[in-house]
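Working through the structure, step by step
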Amino acid sequence: VLIAYSSVVHISFMFFGLLGFSFFGYHGAIYMMLSHGFISPMLFYFLTFIYNVNHSRRVFILKGIIMASPLYCLYWFISCFLNLSLPPFMSFFSEMCILSSSTFLNCSGAFLVFFALFFTGIYRVFCFASPVHGDSLIVSPTLLSSKYIVVGFLLCFYVFVFPVFFFWLVSL
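Residues numbered from 1 in each chain as written. Predicted model: local features only at pLDDT ≥ 70, side-chain atom pairs only at ≥ 80, totals over all residues. Heavy atoms only, no water.

Looking at the overall build of the protein chain
- For the protein chain, the count of helices and strands is seven helices and zero strands.
- Along its sequence from the N terminus, the protein chain presents helices and strands in the succession α-α-α-α-α-α-α.
- By residue count, 42% of the 172 residues in the protein chain fall in the buried class.
- Within the protein chain, residue pairs in contact and separated by at least 24 positions form 83% of the contacts whose partners lie at least 6 positions apart.
- Approximately 9800 Å² of the protein chain is accessible, and the part contributed by carbon and sulfur atoms is 78%. (Helix = DSSP H or I, 4+ residues; strand = E, 2+ residues; numbered from the N terminus. Buried < 20%, exposed > 50% of the residue type's maximum accessible area, 1.4 Å probe, protein only. Contact = heavy atoms within 4.5 Å. Areas by Shrake-Rupley, 256 points an atom, 1.4 Å probe, with all protein chains shown as cover.)

So, in structure tokens, the structure goes:
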């Protein structure tokens, strides 16, 4: 459910960019769809590992996974903070394009957008910190299988490299 809320935020923000009816809003919406298409499957993939270990999707009992698998926590950190829209990633540039196209907003509308973005950031940090930190409720710690290690590395590599290649193609 937590990742689905993130998808709702991405797509609603993409529609917000389309409502700007501008060049930057249109391109920001396309970049938002592309970044969402890369990041959300990666989050769902890594959440599947948590489900396979605990057989539960409840966030309140998914604690202390860093004790069971530190490498998984690295992958989870990368995927959660890619979702956070930090500056070198495509989702950051899409949000900046969409915000620059929102000239139709008055001060109260802009305040609501920044308020929503702020709490979305807090929510995304909670998505990382909740399963990773805390007292471990995992009875027998299991390590990542080689399948999760290889596929996780490929997903992270794909999410990092493809946006750079995409921007290089667009600049030609």
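Notes on a nonpolar patch on the surface
- Residues Leu 71, Leu 74, Phe 77, Ile 149, Val 150, Phe 153, Leu 154, Phe 157, Phe 160 and Val 161 make up a contiguous nonpolar surface patch of roughly 860 Å² in combined accessible area.
- Where the nonpolar patch is concerned, the elements lending two or more residues are helix H4 (70-83) and helix H7 (146-171).
- Sorting elements by how many residues they give to the nonpolar patch places H7 first, with seven residues.
- Position of Ile 149 relative to the elements: it lies in helix H7. (Patch = residues over 30% accessible without salt bridge, like charges linked within 9 Å, V, L, I, M, F, W, Y side chains within 5 Å. Salt bridge = Lys/Arg side-chain N within 4 Å of Asp/Glu carboxyl O.)

Digging into the nonpolar core
- Of all hydrophobic cores here, the largest spans 26 residues; its most connected members are Phe 46, Tyr 72, Trp 76 and Leu 82.
- Mapped onto this core, the elements with two or more residues apiece are helix H2 (23-54), H4, helix H6 (107-132) and H7.
- Phe 16, Met 32, Ile 98 and Leu 99 belong to the second-largest nonpolar core, a separate cluster that totals eight residues. (Core = buried A, V, L, I, M, F, W, Y, C linked by side-chain atoms within 4.5 Å.)

Focus: the packing of aromatic side chains
- In this structure the tally under the stated criterion is ten aromatic pairs.
- Between Phe 92 and Phe 93 the ring centres are 5.6 Å apart and the planes differ by 70°, which places this aromatic pair in the edge-to-face class.
- These aromatic residues form a ring-pair network of at least three members: Tyr 45, Phe 46 and Tyr 75. (Phe/Tyr/Trp six-rings, centres within 6.5 Å; stacked < 30°, edge-to-face > 60°.)

Digging into the side chain of Arg 124
- Here Arg 124 is to be found in helix H6.
- Look at Arg 124: it is buried, it has no salt bridge, and the nearest opposite charge is Glu 95 at 4.1 Å.
- Among residues more than four places away in sequence, those in contact with Arg 124 are Ser 6, Val 9, His 10, Asn 83, Leu 84, Ser 85 and Glu 95. (Lys, Arg positive; Asp, Glu negative; His and termini not counted.)

Overview of H6
- End to end, H6 covers 38 Å across 26 residues, agreeing with the expected 38 Å (1.5 Å per residue, within 8%).
- Buried within H6 we find Gly 109, Val 113, Thr 120, Gly 121, Tyr 123, Arg 124, Cys 127, Phe 128, Ser 130, Pro 131 and Val 132.
- Immediately beyond the C-terminal end of H6, within one or two residues, lies Gly 134, with a positive phi of roughly 115°. (Expected span 1.5 Å × (residues − 1).)

Observations concerning the side chain of Asn 83
- With respect to the element layout, Asn 83 can be found in helix H4.
- A relative accessible area of 4% places Asn 83 in the buried class.
- Each residue touching Asn 83, except ones within four places of it in the same chain, is listed here: Ser 6, His 10, Ile 39, Leu 43 and Arg 124.

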